[in-house]
Amino acid sequence: MRILYVEDNEELRETIGMLMETEDQTVVSCATAEEALELDAQQKFDVLVSDVSLPGLSGTDLARKLLAERPDRWVVLCSGYELGAYPLSWGPNVRTLIKPFELDELESLLSDIRLAVSGSPA
């Protein structure tokens, strides 16, 4: 499973990006939504994991742009505040995580997504 991880905090980006990397998960990390759009244009990702508050284009705007291209894409939005049901209205594959989240919350969510993407147990 290919994951595009967008986080403007360098320390978080490096740490969480490394922790998401597994035998069956490849992670490409970047700091801005604009960079994420360029990366996604070059190679498609199964999952977008993005901070909501980014410099320039926000994580929610990024998610909407990528979902417009591919509505079945999986999206995980990470935010320090409750986003409510709004992002969930964008499609069945949109999830939210409230920061700070526990690593096992992210791992569990990615495991569920991997199962849905591959159709086989994680």
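Caption draft 1: Inspection of the packing of helix α2 (residues 33–42) against helix α3 (residues 59–69) at higher detail. For the pair α2 and α3, the least separation of the axes is 10 Å and the interaxial angle reads 20 degrees. It follows from the interaxial angle that α2 and α3 lie roughly parallel. As for how α2 packs across α3, the hand of that crossing is right-handed. Seen from α2, the contacting residues are A33, A36, L37 and D40; seen from α3, they are L62, K65, L66 and E69. Here the residues of the contact of α2 with α3 are counted per class, giving five nonpolar, no polar and three charged.

Caption draft 2: Layout of the pairing of strand β4 (residues 74–79). Judged by how many residues are buried, β4 sits mostly within the fold: six of six residues are covered. Of the two faces of β4, the one holding W74, V76 and C78 and the one holding V75, L77 and S79 are both buried throughout. With five bridges connecting them, strand β3 (residues 47–51) and β4 associate as parallel partners. When the sheet's bridge partners are listed, D51 is paired in β4 with C78. Bridge count between β4 and strand β5 (residues 94–98): five bridges; the pairing is parallel. Across the sheet, the residue bridging to V75 is V94, located in β5.

Caption draft 3: Geometry of the pattern of salt bridges. One pass over the structure, following the stated rule, counts eight salt bridges. With a closest N to O distance of 3.4 Å, D40 and K44 form a salt bridge. Across the pair D61 and R64 runs a salt bridge, and its minimum N-O distance is 2.4 Å. Pair noted here: D61 and R64 are both in helix α3, with a separation of three residues, about one helical turn. For D61, a relative accessible area of 27% puts it in the partly exposed group. Classification of R64 by relative accessible area gives partly exposed; the value is 33%.

Caption draft 4: Spotlight on the sheet that holds β3. Read across the sheet, five strands follow the order β2-β1-β3-β4-β5 without closing on themselves; strand pairing throughout is parallel. With one partner strand each, in any of the chains shown, β2 (26–30) and β5 form the two edges of the open sheet. Taking each pair of neighbouring strands and ignoring which way they run, the sheet shows an average axis angle of 20 degrees. With five bridges joining them, strand β1 (residues 2–6) and β2 adopt parallel strand pairing.

Caption draft 5: Region of the structure containing the state of the cysteines. Here the structure, examined in full by the defined rule, presents zero disulfides. C78 provides the cysteine sulfur closest to C30, a residue in no disulfide bond, and the two sulfurs are 13 Å apart.

Caption draft 6: Up close: unusual backbone geometry. P100 follows K99 through a cis peptide bond whose omega is -5 degrees. Mapping P100 onto the fold places it in the loop between β5 and α4 (103–118).

Quick notes on the rules
Residues numbered from 1 in each chain as written. Predicted model: local features only at pLDDT ≥ 70, side-chain atom pairs only at ≥ 80, totals over all residues. Heavy atoms only, no water. Axes fitted to C-alpha atoms, helices over the stretch in contact; angles between N-to-C directions. Helix = DSSP H or I, 4+ residues; strand = E, 2+ residues; numbered from the N terminus. Parallel < 35°, antiparallel > 145°, perpendicular 65-115°, else oblique. Left-handed = near helix turned anticlockwise from the far one by under 90°. Contact = heavy atoms within 4.5 Å. Nonpolar A, V, L, I, M, F, W, Y, C, P; charged D, E, K, R; others polar. Buried < 20%, exposed > 50% of the residue type's maximum accessible area, 1.4 Å probe, protein only. Pairing = 2+ DSSP bridges. Salt bridge = Lys/Arg side-chain N within 4 Å of Asp/Glu carboxyl O. Disulfide = S-S within 2.5 Å.

Any functional reading would require information beyond the geometric quantities listed.
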